[in-house]
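Here's the letter readout for the chains.
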Amino acid sequence: MEMLKVRHINTYYGQVHALKNVSLHLKQGEIATLIGANGAGKTTILNSLSAVTPVRSGEILFEGTAIHALSPEKIVDMGISQVPEGRQVFKPLTVEDNLELGAYLRYRRREGRTKIRSSLDEIYQLFPRLLERRRQLAGTLSGGEQQMLAIGRALMARPKLLLLDEPSMGLAPLVVQEIFAVIAELVREHGTTVLLVEQNAKAALKLADRGYVLETGKVILEESAAELLENREVQRAYLGKDKKEIWER
Amino acid sequence: MNIWDQTNECMLREELEQLQLERLQATLNRAYKNVTCYRRKFDEMGIIPEDIQSLGDLSRLPFTAKDDLRLNYPYGMFAVPLREVVRIHSSSGTTGKPTVVGYTRNDIKTWSQLVARLLTAAGVTHDDVVQITFGYGLFTGAFGLHYGAEQIGASVIPMGGGNTEKQIMIMQDYRTTALVGTPSYALTLAERMEKSGIDPKTLTLRVGLFGGEPWSEEMRREIEQRLGIIATDNYGLSEVMGPGVAGECIHRCGMHIFEDHFLPETIDPETGEVLPPGSIGELVLTTLTKEALPVIRYRTRDITRLIYEPCRCGRTMVRMEKPRGRSDDMLIIKGVNVFPSQIEEVLFQVEGCEPHYQLVIDRVNNVDTLEVQVEVNETIFFDEMKKQRAFVEMVEKKLASTLNVGARVKLVEPASMPRHEGKAQRVIDRRKNV
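Residues numbered from 1 in each chain as written. Chains lettered and ligands numbered in written order. Predicted model: local features only at pLDDT ≥ 70, side-chain atom pairs only at ≥ 80, totals over all residues.

**Section: the overall build of chain B**
- Looking only at helices and strands, one finds 12 helices and 20 strands in chain B.
- Rg of the C-alpha trace for chain B: 23 Å, near the compact-globule value of 22 Å for 434 residues, within the 12% margin.
- In chain B, which comprises 434 residues, the share counted as buried stands at 48%. (Helix = DSSP H or I, 4+ residues; strand = E, 2+ residues; numbered from the N terminus. Rg over C-alpha atoms; globule rule 2.2 N^0.38 Å. Buried ≥ 20, exposed ≤ 12 C-beta atoms within 10 Å, placed from the backbone.)

**Some points on the overall build of chain A**
- Assigned secondary structure in chain A consists of 12 helices and 10 strands.
- If one aligns the C-alpha atoms of chain A with their principal axes, the spans along those axes are about 55 × 40 × 35 Å.
- Sorting the 249 residues of chain A into buried and exposed places 47% on the buried side.
- For chain A, long-range pairs separated by at least 24 residues make up 68% of all intrachain contacts whose partners lie at least 6 apart in sequence. (Contact = placed C-beta atoms within 7 Å.)

**Re the pairing of strand β6 (residues 80-83) of chain A**
Residue and element names in this part refer to chain A.
- What you see with β6 is no split at all: I80 and Q82 on one side and S81 and V83 on the other are buried throughout.
- With four bridges connecting them, β6 and strand β7 (residues 161-165) associate as parallel partners. Paired with Q82 across the strands is L163, a residue of β7. (Pairing = 2+ DSSP bridges.)

**Overview of the environment of L28(B)**
- By secondary structure assignment, the location of L28(B) is in helix α2 (residues 13-34).
- Separated by 24 residues in the primary sequence, L28(B) and I52(B) place their C-alpha atoms 8.8 Å from one another.

**Details of the interface of chain A and chain B**
- Taken together, the contact between chain A and chain B spans 19 residues of the former and 15 residues of the latter.
- Secondary-structure elements contributing two or more residues to the side of chain A that touches chain B are β1 (2-13), β2 (16-27), β10 (218-224), α10 (225-230) and α11 (232-238) of chain A.
- Residue classes in the side of chain A that touches chain B are distributed as four nonpolar, five polar and 10 charged. (Nonpolar A, V, L, I, M, F, W, Y, C, P; charged D, E, K, R; others polar.)

**As for the domain arrangement of chain B**
Residue and element names in this part refer to chain B.
- Segmenting chain B into domains produces domain 1 (1-328) and domain 2 (336-429).
- Between domain 1 and domain 2, the C-alpha centre-to-centre distance is 32 Å.
- Taken together, the contacts link nine residues of domain 1 with 14 residues of domain 2.
- A per-element tally of the side of domain 1 that touches domain 2 places helix α8 (residues 183-195) first, with four residues.
- Classifying every residue of the side of domain 1 that touches domain 2 by side-chain character gives one nonpolar, seven polar and one charged. (Domains from an automatic or database assignment.)

**Some thoughts on the nonpolar core**
- If you look at the biggest cluster of nonpolar residues, it comprises 87 residues, and the most contacted ones within it are L119(B), V130(B), A186(B), V245(B) and I257(B).
- Per element, the largest residue contribution to this core is seven residues, and it comes from helix α5 (residues 105-121) of chain B.
- For V130(B), the contacting residues outside a window of four places in its chain are V124(B), A149(B), A154(B), S155(B), V156(B), I157(B), A178(B) and V180(B).
- In terms of nonpolar packing, the next biggest core, distinct from the first, is built from 66 residues, I80(A), F127(A), I183(A) and L205(A) among them. (Core = buried A, V, L, I, M, F, W, Y, C linked by C-beta atoms within 7 Å.)

**Some remarks on the sheet that holds strand β5 (residues 65-66) of chain A**
Residues and elements named next belong to chain A.
- Spatial ordering of the open sheet is given by β2-β1-β4-β5, a layout of four strands whose pairing is antiparallel. Lying at the two open borders of the sheet, with one neighbouring strand each, are β2 and β5.
- As paired elements, β1 and β2 share eight bridges and run antiparallel to each other. Opposite Y12, over in β2, you have H17 as the bridge partner.
- Strand contacts of helix α1 (residues 42-49): β1, β2 and β4 (57-62), with the helix running at about 70° to β2, the strand carrying the most contacts. (Axes fitted to C-alpha atoms, helices over the stretch in contact; angles between N-to-C directions.)

**Quick notes on unusual backbone geometry**
Residue and element names in this part refer to chain B.
- P74 follows Y73 through a cis peptide bond whose omega is -10°.
- Its place among the elements puts P74 in the loop between α4 (66-71) and β1 (85-91).
- The phi angle at R301 is positive, at roughly 70°, despite the residue not being glycine.
- Here R301 is to be found in strand β12 (residues 298-307).

**Remarks on the pairing of strand β8 (residues 242-248) of chain B**
Residues and elements named next belong to chain B.
- With seven of seven residues buried, β8 is to be regarded as a mostly interior element.
- In this sheet, β8 lies alongside strand β7 (residues 230-237) in antiparallel orientation, the contact comprising four bridges. Residue pairing across strands places L237 opposite G242, the latter belonging to β8.
- Hairpin connection, β7 to β8: the antiparallel pair is bridged by four residues.
- For β8 and strand β9 (residues 255-257), the ladder comprises three bridges, and the chain directions are antiparallel. Bridged to E248 within β9 is M255.
- From the end of β8 to the start of β9, which pair antiparallel, there are six residues, and R252 there has a positive phi angle of about 50°.

**Remarks on the sheet that holds strand β19 (residues 408-412) of chain B**
Residue and element names in this part refer to chain B.
- Reading across the sheet, the four strands line up as β19-β18-β17-β20 and stay open at both edges, with mixed pairing between neighbours. Each edge of the open sheet is held by one strand with a lone partner, namely β19 and β20 (427-429). Each strand of the sheet is rotated relative to its neighbour by a mean of 20°, with strand direction disregarded.
- For strand β17 (residues 353-364) and β20, the ladder comprises three bridges, and the chain directions are parallel. Of the residues in β20, the one forming a bridge with V360 is I428.
- Contacts between helix α12 (residues 385-403) and the sheet are confined to β18 (367-376) and β19, with β19 contributing the most and set at about 135° to the helix.

**Let's talk about the environment of T65(A)**
- The residue T65(A) is located in strand β5 in this model.
- Along the chain, T65(A) and M3(A) lie 62 residues apart, while their C-alpha atoms are 9.9 Å from each other.

**Some words on the confidence of the model for chain A**
- Looking at chain A as a whole, its pLDDT mean stands at 93, while 96% of the residues score no less than 70.
- Taken together, the stretch residues 243-249 of chain A has pLDDT below 50 and engages in five contacts with residues farther than four places along the chain or on a different chain. (pLDDT = per-residue confidence, 0-100.)

**Considering the confidence of the model for chain B**
- Looking at chain B as a whole, the pLDDT averages 91, with 96% of positions reaching at least 70.
- Per the prediction output, this complex has pTM 0.85; the corresponding ipTM is 0.82.

Given below as structure tokens:
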């Protein structure tokens, strides 16, 4: 059964028709990636799912329940957390405060400190560097550490579905590798489902099971990640292989 | 029982429909953007891809016919630049130009996977030795089965068509276990073996995968009896993919259409209306994953029925019955598609032929024969024998190069053919088993 089922959603920014009739799905424990040029609608899809930018038409079913008319906090409550583009950590707060804020809804549900404490320990296990810097202000962290913090904060809500927006942006290749390894571990060990938006299409396709290629707000391809890596149109447009290389190969 | 791609072939219908919708929308977006013919058709009807919000909306889209491919000869229907195309095949057209089909690297991979599914469904495994007796060339049959068989790890013998003696020798010596070809060729092989005193039971042959032409259940029984094998049917057409669109499982109760790659509908061939599930009608197929040549609502002209009841094999994919006829006048002769209009066109170009002709098709010793009887005017008929023979040879040569299948020409006296009021009865098909 699909965990997430999106059927012909349309999303607008004012008059701008940003998503045109997009349908997609995610199975439990799967990593799917959205690839496409800037402005193709990748982030808009994530924002539509989390209701940051609500859809104008179409339907979104999460574990069989329609969520397209729900508020963002209700959607987090149901088990979908988004890691926004550019991390958006609370810079004047400490690392640990940032993480605890991720569990805000769980505090409100009165889950109890011990449970939340154990989640915190799990995050520190995933990202030992955050443990080292738990008392440090988030604003003083490096880009990579801020990204780990942003992911950690989202995980504190114990999501079933994690929406990741450009986690590799502006990071050194080694750090990207580290973060991608953690994403893979999350899926493997915890069965988390991931929808990944990446400009680093090659890395994303190597990590993902399936991919959707977007162009001007529309899905133009749905295929296994392995097939997309082989697709020459995709190679040329998104994997940075230039014409010469393709012509002369 | 083996299923090649358990995840996809046994999907819940609800999951399948979601996947189909996603792939349909992506296909429409690509086709609309990259293929002028589709964009024009959609624009004429005032439809944009975004209007298709459910699988049911498919019926709002225009049909695609073989003629569209012919009018856009050779590459006009391709949705990718030619440099992405790694293979080109073609099949005969209704008149004049053939239709050209292309495959990207991924299309070839998908093709191999789909044929692997139908081979597995028929019971072929990596332990089998597969002898392919389809002709290798522009037709899709041989290559499709070849790739699928290699995919599952079987040992492939790419024999190609004809050379029956050698086929039998190889079948004996190489210990072929699976035979791939047209059903009529299977009977030719059986006959030749009987003539040469070879008992098919001494062979290692155990299964046959037949396609490329329509065949009846009686013919299946005859093949199974005479060759001592299980004979399965599979379906495909080059405009859609080639073989690999649908194939029978060992229960042999209809061919499973690989619905995660092809979306089937049945329509009333006269009105174009979509018929309720389970009705007999013309099969219409939309490709869901093809990159080089997506086809939208392609009219196959094959009359069949879709069976949605679950199959004992566990596959959830819908089954299609053996096609029970055509909604156009296409003839399948020795596995080659022949349209009477092609023959007419050739005859019209020949000085001395009258526009009165008749086609007689028969099956002699399990081989299809085509005889073209044509009226000629007196200048030719009363000329000397030698010239007459040369004339016949010339027409036969012209026919063979247009049709890709041999035809015998018989000249008849002027005004000797029966004249019809209204539609002429030009085709006499004497084949019993079709």
